[in-house]
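Examining the three-dimensional arrangement
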Amino acid sequence: MEELIEKLKKEVIEQLNLEDISPEDIDTDSPLFGEGLGLDSIDALELIVLLEKNYGLKIEDPKDGKKIFHSIRTMAEYITEHQKA
Amino acid sequence: MEQLINANIRITPFQVSVNGRTEYQAENFITFAEFIKPFFKSLNLGYPKFYKMDSLSKLGFMAAELMLRQIDLTRYDNNRVGVVLSNSSSSLDTDLAHQQSIQDRSQYFPSPSVFVYTLPNIMIGEISIRHRLKGENAMLISERFDSRLLFTYVNNLFREKKVDVCLTGWVELLNEQFDAFLMAVEPSTATFSGETSGALPFSPETMDELYKTT
């Protein structure tokens, strides 16, 4: 899980063009949206693309997005759970 | 009431000039991305959204940023600050990037953050968000810098009393070729707030002369 979390942080930085932010700057449990990284609705769409492109996971119900993309940890948990399935 | 060009900005590979004076210069031939990033950082704006913009918006954003340091916007109502820009390639640079991302059906992952820039007036949106401008705006497409087209449009905005000040000019970018030329047009009653040589009459002839010489 920790390895996946570190990988995800790097991927999020790259996918969302988060300049001047390093993986160490992203708290694993902090909310991704709102105050934290200042992500917006377009970033949310980019994260959906990231999951599909890098992990082959398609989010069928948009309502699940809020839970899945709450933090890096919730993203990692979703990936771990659904890739096993 | 006549209008005056109170400030002008030019950004070409790889030089930035304000009212004809060089403000920033890159020493070696580099890519647009390598040029614009240190230029942006040199202004210490603390505006991370810049990094998410497409190249055309970055170019327009930087030109506007310098321009709006030359005029005192606080004396104007934000609802009456106009932005009228033009270029030749529209958003083609980003359109091509988007097209490339959907070329291969087996690797069909269009990027939402690229797609949102496949309209040239998004550049005006970025400038307007940054400076809270809510006045009239337009993005005009012409084969080359067309002073008469811009003059006619902007002059009408003033004549119809739609704007009190207008940012206008040319912001062109395609395949690493780029050229930005912006002017601040104010009524002749406005006091020039820049440092250098004063205002010039707002006319197609003056615009052509400035475009040729800056």
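Before reading further, recall that the structure is shown in the block above.
Notes on the structure in this doc start here. (Residues numbered from 1 in each chain as written. Chains lettered and ligands numbered in written order. Predicted model: local features only at pLDDT ≥ 70, side-chain atom pairs only at ≥ 80, totals over all residues.)

With respect to the overall build of chain A
The secondary structure content of chain A amounts to four helices and zero strands. Taken from the N to the C terminus, the helices and strands of chain A come in the order α-α-α-α. Whereas a compact globule of 85 residues would reach a radius of gyration of roughly 12 Å, chain A reaches 12 Å, a difference of no more than 12%. Along the longest, intermediate and shortest principal axes, the C-alpha atoms of chain A span 35 × 25 × 20 Å. Within chain A, the fraction of its 85 residues that count as buried is 21%. Considering only contacts in chain A between residues 6 or more positions apart, those separated by 24 or more positions represent 56%. (Helix = DSSP H or I, 4+ residues; strand = E, 2+ residues; numbered from the N terminus. Rg over C-alpha atoms; globule rule 2.2 N^0.38 Å. Buried ≥ 20, exposed ≤ 12 C-beta atoms within 10 Å, placed from the backbone. Contact = placed C-beta atoms within 7 Å.)

Comments concerning helix H2 (residues 41-55) of chain A
Helix length check: H2(A), at 15 residues, gives a terminal C-alpha distance of 21 Å against a target of 21 Å (1.5 Å per residue), a fit within 8%. Residues of H2(A) that are buried include every one of A:Asp43, A:Glu46, A:Leu47, A:Leu50 and A:Leu51, and no others. Looking down the long axis of H2(A), one finds its buried residues gathered within 145 degrees of arc, a one-sided arrangement. Summarising the contacts, the buried residues of H2(A) are in contact with helix H1 (2-15) of chain A together with helix H4 (112-115) of chain B. A:Gly56 sits one or two positions beyond H2(A) and adopts a positive phi of about 65 degrees. (Expected span 1.5 Å × (residues − 1). Arc of directions from axis to C-beta.)

Description of the environment of B:Leu59
Residues and elements named next belong to chain B. Considering the arrangement of structural elements, one finds Leu59 in helix H2 (residues 55-67). Separated by 45 residues in the primary sequence, Leu59 and Asp104 have C-alpha atoms spaced 30 Å apart. For Leu59, the residues in contact, after removing those within four places along its chain, are Ile11, Ile36, Val171, Leu173, Phe178 and Ala180.

Side note on the nonpolar core
The biggest cluster of nonpolar side chains holds 52 residues, and the ones touching the most others in it are B:Leu59, B:Ala63, B:Met67, B:Ala180 and B:Leu182. It is H2(B) that contributes the most residues to this core, eight residues altogether. Sequence-distant contacts of B:Ala63, that is, excluding residues within four places in its chain, are made with B:Ile9, B:Ile11, B:Val171, B:Ala180 and B:Leu182. Within the second largest apolar cluster, 15 residues are counted, among which are A:Ile26, A:Leu37, A:Leu50 and A:Met75. (Core = buried A, V, L, I, M, F, W, Y, C linked by C-beta atoms within 7 Å.)

Observations concerning helix H5 (residues 121-131) of chain B
All names here are of chain B. Listed as buried for H5 are Met123, Ile124, Glu126 and Ile127. Angular distribution of buried residues about the axis of H5 spans 155 degrees; they occupy a single face of the element. Residues of H5 that are buried in the fold lie against H2, strand S4 (81-87), strand S5 (137-141) and strand S6 (165-174). Where H5 ends, the next residue or the one after it, Arg132, has phi of about 55 degrees, a positive value.

As for the packing of helix H1 (residues 32-42) of chain B against H2(B)
A pair of packed helices is characterised by two quantities: the angle between their axes and the separation of those axes. Residues and elements named next belong to chain B. Where H1 contacts H2, the two axes come as close as 11 Å, and the packing angle between them is 35 degrees. Every pair of crossing elements has a handedness; the one defined by H1 and H2 is left-handed. In this structure, H1 uses Phe32, Ile36, Phe39 and Phe40 to contact H2, whose residues at the interface are Ser55, Lys58, Leu59 and Met62. Its residues assigned to classes, the contact of H1 with H2 shows six nonpolar, one polar and one charged. (Axes fitted to C-alpha atoms, helices over the stretch in contact; angles between N-to-C directions. Left-handed = near helix turned anticlockwise from the far one by under 90°. Nonpolar A, V, L, I, M, F, W, Y, C, P; charged D, E, K, R; others polar.)

As for the interface of chain B and chain A
Residue-level contacts link eight residues of chain B with nine residues of chain A. Of the residues contributing to the side of chain B that touches chain A, the split by class is five nonpolar, two polar and one charged.

Examining the packing of H2(B) against H5(B)
Residue and element names in this part refer to chain B. Between H2 and H5, whose axes approach to 9 Å, the crossing angle comes to 40 degrees. Classified by the angle between their axes, H2 and H5 sit oblique to one another. As H2 runs across H5, the sense of the crossing is right-handed. Residues Leu56, Ser57, Gly60, Phe61 and Ala64 of H2 form the contact with H5, whose participating residues are Ile122, Met123, Glu126, Ile127 and Arg130. Across the contact of H2 with H5, the residue classes tally to six nonpolar, two polar and two charged. (Parallel < 35°, antiparallel > 145°, perpendicular 65-115°, else oblique.)

Details of unusual backbone geometry
With the exception of glycine, most residues fall at negative phi, and the peptide bonds are largely trans. All names here are of chain B. Residue Phe14 is reached from Pro13 by a cis peptide bond, and omega for that bond is -10 degrees. Summarising the element assignment, Phe14 is placed in the loop between strand S1 (3-12) and strand S2 (15-18). We note that Arg132 has phi near 55 degrees; this positive angle belongs to a residue other than glycine. With respect to the element layout, Arg132 can be found in the loop between H5 and S5. The backbone of Asn175 sits at a positive phi, close to 50 degrees, despite the residue not being glycine. Relative to the assigned elements, Asn175 resides in the loop between S6 and strand S7 (177-187).

These values are about where atoms sit, not about what they do.
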